Amino acid sequence: MARPAGGVTVRVPAKVNVQLAVGAPRPDGFHDLANVFLAVGLYDEITVTPSDTLRITVTGPDAHLVPRDGTNLAARAAELLAARYGVKDPGVHIHIAKDIPVAGGMAGGSADGAGALLACDALWGTGAGRTELLDICAELGSDVPFSLVGGAALGRGRGEILTPLDVRGVFHWVFAPADGGLSTPAVYRECDRLRAGTAVPEPEATPQLLAALRTGDPVSLAAAVSNDLQPAAVSLRPSLAATLEAGTAAGALAALVSGSGPTCAFLAEDAAAAERVAAALTASGTCRAARVAQGPAAGATLLPG
Ligand SMILES: C[C@](O)(CO)[C@H](O)COP(=O)(O)OP(=O)(O)OC[C@H]1O[C@@H](n2ccc(N)nc2=O)[C@H](O)[C@@H]1O
Ligand SMILES: Nc1ncnc2c1ncn2[C@@H]1O[C@H](COP(=O)(O)OP(=O)(O)OP(=O)(O)O)[C@@H](O)[C@H]1O
C-alpha cells in the first residue's frame, strides 16, 4: 500500500543491544541496566494525516499482530503530545508501514511511538524541543528515547537515560526473527528466576565493548558482546539455541539474542560474509527468515514530502 497522501512521514530504525547488563529488580518492578544500543537499518515508517478521530492502520508481514487501539504505542504518543500541548483537534490517522519484527526484541513498538511523536509534532506544529520529546519518549517506554535518537548510545537507569557513543564505520549484521514473539516482562521475570539466590552485580558497560565500537573492528566487538537476558530468552524458547548454533556454524563472528528476543542477531566480518550467513540461516530452517542490516543507523527522521 502506498503512503497516505498529504501527511507527514517519519522513518525509525530497529535496535540491537550489543551489551545488555541487567541489575537486580528495583522496587518499581524495573531493572537498572547498562544497555548499549545500536540502531540498525531495518525500519518502520509512520505517516500521520489529519482525521476526525484517532485511527490506526498497519501494513507489512506482521501487521496482523499489531494492536489498532489506544494501546498501540503510536496512539499513546499522539495522545500524550496532544494533552501536553493542548492540541485543539488531535484527531489523526496514523499509518504504520511495519518492517521491524513484532515482539522480537528489536524495539518495533518503541520505534512507532518515537516516530508518531515526531510526526505529530511536525503535523500539529507543537514545536516541542528535543528535551520535551525525549521526556515524552521516556514516559512511553524504556526503549523509546533511543528509537528517537538512534546511532549508538549507552542507556542507564531503566534504559531511558542516554549518553551517545562514538562508533567508527559500520557493522554488518544478520537478524533472524522467530515464529511468535516473547513478552518483555516475562523474559525479565525469567532472568530474575534463573538468578535467584545469586549476587547480581551493578550493571556496567565493559571498556572493551566501548573501545570496539570506537575502533569499528568487528572481531573485537564480537569478543565483547553480551546479553544478560539471553539465558532467560533461551529458557523460554529453547529452539533459539539451534538458531544461534546455525549462525555460528555459518561463520558469524558472534551470535546473540537481541534484547528480550526471540530475534537472534549475528555479527559478520563484512557485507559479503553477512550475505553468506543469511543464506545459511535461511537454508537451516531454524528461523522464520534472515535479513541483513547495518548499524549504526540514524534515529527517527522526517522524510521529505
Ligand atoms: C529488553 C529491552 O528491549 C532492552 O533494550 C528493554 O529493556 C525493554 O524496553 P521496553 O520494551 O521499552 O520496556 P518497557 O515498556 O519500559 O517495560 C516493559 C516491562 O519490561 C520490564 N523492564 C523493562 C525495562 C527495564 N529496565 N527493566 C524491566 O524490568 C518491566 O517488567 C516492564 O514492565
Ligand atoms: N506499534 C506497535 N507495534 C508493535 N507492537 C506494539 C505496538 N504498540 C504496542 N504494541 C504491543 O507491544 C508488544 C511488544 O511489541 P514490540 O514489537 O514493541 O516488542 P519488542 O520489539 O520485543 O520490544 P522491545 O525490544 O522494546 O522489548 C506487542 O506484542 C504489542 O502487543
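Residues numbered from 1 in each chain as written. Chains lettered and ligands numbered in written order. Predicted model: local features only at pLDDT ≥ 70, side-chain atom pairs only at ≥ 80, totals over all residues. Heavy atoms only, no water.

The chain appears in an unreviewed UniProt entry as 4-diphosphocytidyl-2-C-methyl-D-erythritol kinase from Streptomyces pactum. According to UniProt, the comment filed for the chain under the heading Pathway (unreviewed entry) is "Isoprenoid biosynthesis; isopentenyl diphosphate biosynthesis via DXP pathway; isopentenyl diphosphate from 1-deoxy-D-xylulose 5-phosphate: step 3/6." (UniProt positions renumbered as here; feature names shortened; annotations may be inferred.)

Undergrad: Honestly, the site of ligand 2 in this entry has me stumped. Any pointers?
TA: In the vicinity of ligand 2 lie 21 residues, with Ala 103, Gly 105, Gly 109, Asp 112 and Asp 143 positioned nearest. One of the backbone nitrogen or oxygen atoms of Ala 107 is found 2.9 Å away from an oxygen atom of ligand 2. Considering ligand 2 on its own, with 610 Å² of exposed area, one finds that the protein chains cover 78% of that surface. The site holding ligand 2 turns out to be the largest pocket. The element best represented in the shell around ligand 2 is helix α2 (residues 108-124), accounting for four residues. Here the shell around ligand 2 is composed, by residue class, of eight nonpolar, nine polar and four charged. (Near = heavy atom within 4 Å. Polar contact = N/O pair within 3.5 Å; in protein donor to acceptor, adjacent residues only side chain to side chain. Areas by Shrake-Rupley, 256 points an atom, 1.4 Å probe, with all protein chains shown as cover. 1 Å grid on protein atoms, 1.4 Å probe; cavity = no way out; pocket = protein on both sides within 12 Å on 5 of 7 lines; lining within 4 Å. Sits in = over half its atoms within 2 Å of the grid points. Helix = DSSP H or I, 4+ residues; strand = E, 2+ residues; numbered from the N terminus. Nonpolar A, V, L, I, M, F, W, Y, C, P; charged D, E, K, R; others polar.)

Undergrad: I'm lost on the side chain of His 31 in this one. Help?
TA: Position of His 31 among the secondary structure elements: in strand β2 (residues 31-50). A residue is classified by how much of its surface remains accessible, and His 31, at 6% relative accessible area, is buried. When sequence neighbours within four positions are dropped, the list of residues in contact with His 31 reads Val 22, Gly 23, Ala 24, Pro 25, Arg 26, Gly 157, Arg 158, Tyr 188 and Asp 192. (Buried < 20%, exposed > 50% of the residue type's maximum accessible area, 1.4 Å probe, protein only. Contact = heavy atoms within 4.5 Å.)

Undergrad: I keep staring at the UniProt feature "domain: GHMP kinase C-terminal" (unreviewed entry) in the chain and nothing clicks. Help me out?
TA: UniProt tags residues 209-284 as "domain: GHMP kinase C-terminal" (unreviewed entry). Secondary structure content for residues 209-284 is 59% helix and 14% strand, and the end C-alpha separation is 30 Å.

Undergrad: When you look at the nonpolar core in this model, what are you seeing that I'm missing?
TA: One broad trend across soluble globular proteins is that nonpolar side chains are buried collectively. In this structure, Val 18, Ile 94, Trp 173, Phe 175 and Leu 221 are the most contacted members of the largest nonpolar core, which totals 66 residues. Tallying contributions element by element places α2 first for this core, with eight residues. Residues Leu 33, Phe 266, Ala 278 and Ala 290 belong to the second largest nonpolar core, which totals 27 residues. (Core = buried A, V, L, I, M, F, W, Y, C linked by side-chain atoms within 4.5 Å.)

Undergrad: Explain unusual backbone geometry to me, please; I cannot follow it from the model alone.
TA: In terms of backbone geometry, most residues other than glycine have negative phi values and most peptide bonds are trans. Between Gly 261 and Pro 262 the backbone carries a cis peptide bond, its omega angle lying at 5 degrees. Mapped onto the secondary structure, Pro 262 falls in the loop between β9 (254-257) and β10 (264-268). With an omega of 10 degrees, the peptide bond running from Gly 295 to Pro 296 counts as cis. Here Pro 296 shows up in the loop between β11 (291-295) and β12 (301-302). We note that Ala 103 has phi near 50 degrees; this positive angle belongs to a residue other than glycine. Mapped onto the elements of the fold, Ala 103 is located in the loop between β4 (92-97) and α2. On the basis of relative accessible area, Ala 103 is assigned to the partly exposed category, the value being 42%.

Undergrad: What should I look at first to understand the pattern of salt bridges in this one?
TA: Side-chain pairs of opposite charge can arise where the charged atoms are in close proximity. Evaluated as defined, the whole model comprises 13 salt bridges. The shortest N-O distance in the salt bridge between Arg 26 and Asp 32 comes to 2.8 Å. Judged by its relative accessible area of 22%, Arg 26 falls in the partly exposed class. Given a relative accessible area of 30%, Asp 32 falls into the partly exposed group. When the shortest N-O distance is used, the salt bridge between Arg 288 and Asp 179 registers 3.8 Å. On the criterion of sequence distance, the pair formed by Arg 288 in the loop between α10 (271-284) and β11 and Asp 179 in the loop between β7 (171-176) and α5 (184-195) is long-range, its members being 109 residues apart. Through salt bridges with shared partners, a single network forms among Arg 26, Asp 28 and Asp 32. (Salt bridge = Lys/Arg side-chain N within 4 Å of Asp/Glu carboxyl O.)

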